[in-house]
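Architecture at a glance
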Amino acid sequence: MMSESAEIVTEGFEDNFADSLSFDDAASLASQQDLGDSEADGSGLEPVNVSRGGSASTMGSMMANPPSVREPIVKMYMLKEEAKYTHLKTFRIFAGTWNVNGQPATESLKAWLAKDSTPPDLYAVGFQELDLSKEAFVFNDSAREEEWVKAVTHGLHPEASYRRVRLIRLVGMMLLVFVRSEHNKFLSQIEAQTVGTGIMGKMGNKGGVAIRFDFHNTSFCIVNSHLAAHTEHYERRNQDYSDICARMQFNLTQPPLTIHKHNVVLWVGDLNYRLSDIEISEVKALIEKEMFWALMEHDQLKRQMNERSVFKDFKEASVNFIPTYKYDPGTDDWDTSEKCRVPAWCDRVLCKGDSVSAVEYRSHRELKLSDHKPVSCLFDIGVKVIDEDNYKRVFEEVIRKLDKLENEFLPSVSLSCVDLKFERIKFLEPQKKTISITNTGQVPCQFEFICKLDEKEYCKPWLNVQPSLGFIMPGDSYPIELEIYVDKNTAGRLNSGEDSLEDILVLHLDGGKDYFVTVQGDFIPSCFGSSIEALCNMRGPIREVPVARLVDLEAGSPSETSPEDSFSTLPIPKEIWLLVDHLYKHALCQEDLFQQPGLHSEIEEIRDCLDTGMPDTIPGQPHSVAECLLMFLDSLPEPVVPHQYYQSCLDSCTRFELCEQLMSQVPEHHRNVFKYLTAFLRELLKYQDDNKRDPKMLAMIFGGLLLKPKPDEAKRQNNQQTARRRATFIYQFQVNPYDG
């Protein structure tokens, strides 16, 4: 099927590998400089005071050593009475976004950040493609970060003093928030998070970064995202948006806050939605006539928002500026490259919340270094400001009311359901059910799911309960969402019969009794999470294997039932062969293979196809098949190179003859899989001119999947030096002939 490459690697490769990527061992894997870092960038800005402002600080001073259970209940009562002690005050917010295409910060940003006569009260500045280097993609380490932070700092409005609130970066996405110095004491509860939506939901070349904070008594969430590219991939962009919303959680509170649980949400970024169903000549003609409203009828984002597929309840100001993409860098000329991209409004600013009004929405064509133009939107936002005297009066009334209630009543609740049954649970396909807890008593109550005797967690790892604790006012009901999700960490034990989808939750009321909730589910076995040895001993698809037989296979008992059913074991799992063979036949020239994610719906279809039969062809686009292969390898309970050989592989990674000798000791089926995969990678690299695949990037991706430490050692082994050595080991087999 595949021919071999004859290139030989000598002993200095590991150093060359490191040098070519300029990796810095001391670099942080997640750049999250916060308040105390403000002076490190040379700006001279003071760090923001993180002590709580407004109601939080007032409450702290008024409740000397408050009982831990009582403070959240007091907050709930105070929230209900908020109108009695707050008033709206308008603040000017600048929200901006720019895809800088990996360029250095050689232009002043004042034309973007300080264009207006009045300085804003707060800046939210987002960048995409800050750094396009390999080290940024692989290790989230960027040399460009510092220079762009300085450029922003020097570009802020000169008629006000600003302090940096927070910086968060994931690969090329960076978000900075600055606040005027006189407002800093009114900011509290500051937190930043990231979500990567790249391949396997991990890689951060696409995804989102966010910063949340409370300003006076109003909660803000600022999101900066870079969604999937290319005109035809609008469904993938929709999926990226949904993934960011589902996975972005802020843990300062319990239950965690999501993006939509904030009073104000500002979403900036290269959202990458394009113009559809219109020729480029017509687009340019309408631009010349400034008929932007006509072009907006073809705008994918507007269409998807109108269909309520994405950004539900978000708003965008009228777009009255020319498209911001794609230009020849350094000019105002539309793209003249071979691809000749259709102009589009990729770069957007959206908002959500009450008392939020857009003042001016514009692009800034003066800045020319990128193939995108920066965009900004000025907002006037009504913020709830606290009147301290009124707050004190309401607070004292709440405390007196609580004292009386707690002396007279005990907490009690009722549950809408105490026995939940989930049907047909599949690998990586979550199912959710909701129960309600109703406070039937006369006092507020706190509930919490607690650990059972001799257990460290309150539920099994395949079960998630949100929220796991909370507070309910008298007469109110609280929805509890229970989700079963079988992933690579739990599928193996379920396939082997070591675990089952059964659990009992203990719901504890503070000052009251315990309640019990039973959770059960039917798990549909999958080849994902099954061992290489077990799969090599299965003639048919896993769905046709009796559960008892599957348990025996995973336990290492491969004996068949009857002579006529016996067969020689497969050299490699048929599922791996099907996936790789499909890519070999259909995707050797596919750009961004193993880097661009697939679609969730297609991946689920491929999983079912592998679990239920031997198809003539694998469904889905090449990127979905490629991601499915990576997910399959990641889910193996014992990696392709078994754990016992892991350290020896790292130690021998610089010499191919030692690597080859070591692989000869690996069990036969594992060795066959390794040989098959590395032969495919060698074949793939023959088409580099077409698929643009970098051998070292492929080595990094597959090194983290084929070579893994034992689970209890994973955290200790998760560093850049170890990742380089894993990649070096795989690289040896990519560029040297290997017969196994």
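Owing to the predicted nature of the structure, the values given are computational and were not obtained by experimental measurement.

Enumeration according to the criterion identifies 42 salt bridges in this entry. The residue E81 makes a salt bridge to K84 at a minimum N-O spacing of 2.8 Å. Between K432 and E481 there is a salt bridge; the shortest N-O distance is 3.7 Å. Of this pair, K432 sits in strand β16 (residues 431-439) while E481 sits in strand β20 (residues 477-484), and the two are 49 residues apart along the sequence. According to the relative accessible area criterion, E481 is partly exposed, its value standing at 33%. Among the ionic contacts, a cluster of salt bridges with common partners joins K426, E429, R543, R607, D608 and D611.

Any two packed helices are characterised by the angle at which their axes cross and by the distance between the axes. Two numbers describe how helix α19 (residues 656-663) lies on helix α24 (residues 720-735): the axes approach to 10 Å, and their chain directions differ by 95°. Put simply, α19 runs roughly perpendicular to α24. Across from F656, C659, E660, L662 and M663 in α19, the residues of α24 making contact are F729, Q732 and F733. Among the residues forming the contact of α19 with α24, the class breakdown is 6 nonpolar, 1 polar and 1 charged.

What follows is about the nonpolar core. Soluble globular proteins tend to bury their nonpolar side chains together. L482, L505, F594, L633, F674, F702 and F729 are the most contacted members of the largest nonpolar core, which totals 105 residues. In this structure F702 touches F594, L630, L633, L681, L707 and I730, once residues within four positions along its chain are discounted. The next biggest cluster of nonpolar side chains, apart from the first, holds 54 residues, and it includes A192, M296, A344 and C377.

Now for the environment of N390. Considering the arrangement of structural elements, one finds N390 in helix α11 (residues 388-408). What makes N390 partly exposed here is its relative accessible area of 29%. Taking C-alpha positions, N390 is 4.9 Å from Y85, a pair spaced 305 residues apart along the chain. Those residues within four positions of N390 in sequence are excluded, and the remaining contacts are K84 and Y85.

Looking now at the environment of D739. Along the chain, the position of D739 falls in the segment after α24. Look at D739 and you get exposed, because its relative accessible area is 59%. Between the C-alpha atom of D739 and that of A679, which follows or precedes it by 60 residues, the distance is 9.1 Å.

Strand β3 (residues 162-170) sits mainly inside the fold: 9 of its 9 residues count as buried. When β3 meets strand β4 (residues 173-180), the two strands line up antiparallel, connected through 8 bridges. Note that in β4 the partner of R164 across the bridge is F178. In textbook terms, the turn of a hairpin is the stretch between consecutive antiparallel strands, and for β3 and β4 this stretch comprises 2 residues, one of which, V171, has a positive phi near 50°.

Right, let's get into the sheet that holds β16. On the basis of which strands lie adjacent, the open sheet formed by 4 strands has the order β14-β16-β20-β18 and antiparallel pairing. For this open sheet the edge positions go to β14 (413-415) and β18 (463-466), each flanked by a neighbour on one side alone. Pairs of neighbouring strands in the sheet enclose a mean axial angle of 25°, with direction left out of account. Note that β16 and β20 share 8 bridges and pair antiparallel. Looking at β20, one finds that Q431 is bridged to I484.

Here the focus is the packing of aromatic side chains. One pass over the full model with this rule turns up 31 aromatic pairs. The interplanar angle of 65° and the centroid separation of 5.1 Å between the aromatic rings of Y123 and Y162 together place this pair among those described as edge-to-face. On the criterion of sequence distance, the pair formed by Y123 in strand β2 (residues 122-128) and Y162 in strand β3 is long-range, its members being 39 residues apart. Here F674 and F729 contribute two aromatic rings whose centre-to-centre distance is 6.2 Å and whose plane-to-plane angle is 55°, an arrangement assigned as tilted. Remark: F729 occurs in helix α24 and F674 occurs in helix α20 (residues 668-685); sequence separation between them is 55 residues. Three or more aromatic residues joined by ring pairs make a cluster, and in this case those are F656, F674, F729, F733 and Y738. Directly above the aromatic system of Y273 lies the positively charged group of R237, at a separation of 5.3 Å from the ring centroid. When the ring centre of F422 is taken as reference, the NZ or CZ atom of K433 above it lies at 5.5 Å.

The rules behind the values
Residues numbered from 1 in each chain as written. Predicted model: local features only at pLDDT ≥ 70, side-chain atom pairs only at ≥ 80, totals over all residues. Heavy atoms only, no water. Salt bridge = Lys/Arg side-chain N within 4 Å of Asp/Glu carboxyl O. Helix = DSSP H or I, 4+ residues; strand = E, 2+ residues; numbered from the N terminus. Buried < 20%, exposed > 50% of the residue type's maximum accessible area, 1.4 Å probe, protein only. Axes fitted to C-alpha atoms, helices over the stretch in contact; angles between N-to-C directions. Parallel < 35°, antiparallel > 145°, perpendicular 65-115°, else oblique. Contact = heavy atoms within 4.5 Å. Nonpolar A, V, L, I, M, F, W, Y, C, P; charged D, E, K, R; others polar. Core = buried A, V, L, I, M, F, W, Y, C linked by side-chain atoms within 4.5 Å. Pairing = 2+ DSSP bridges. Phe/Tyr/Trp six-rings, centres within 6.5 Å; stacked < 30°, edge-to-face > 60°. Lys NZ or Arg CZ within 6 Å of the ring centre and 35° of its normal.

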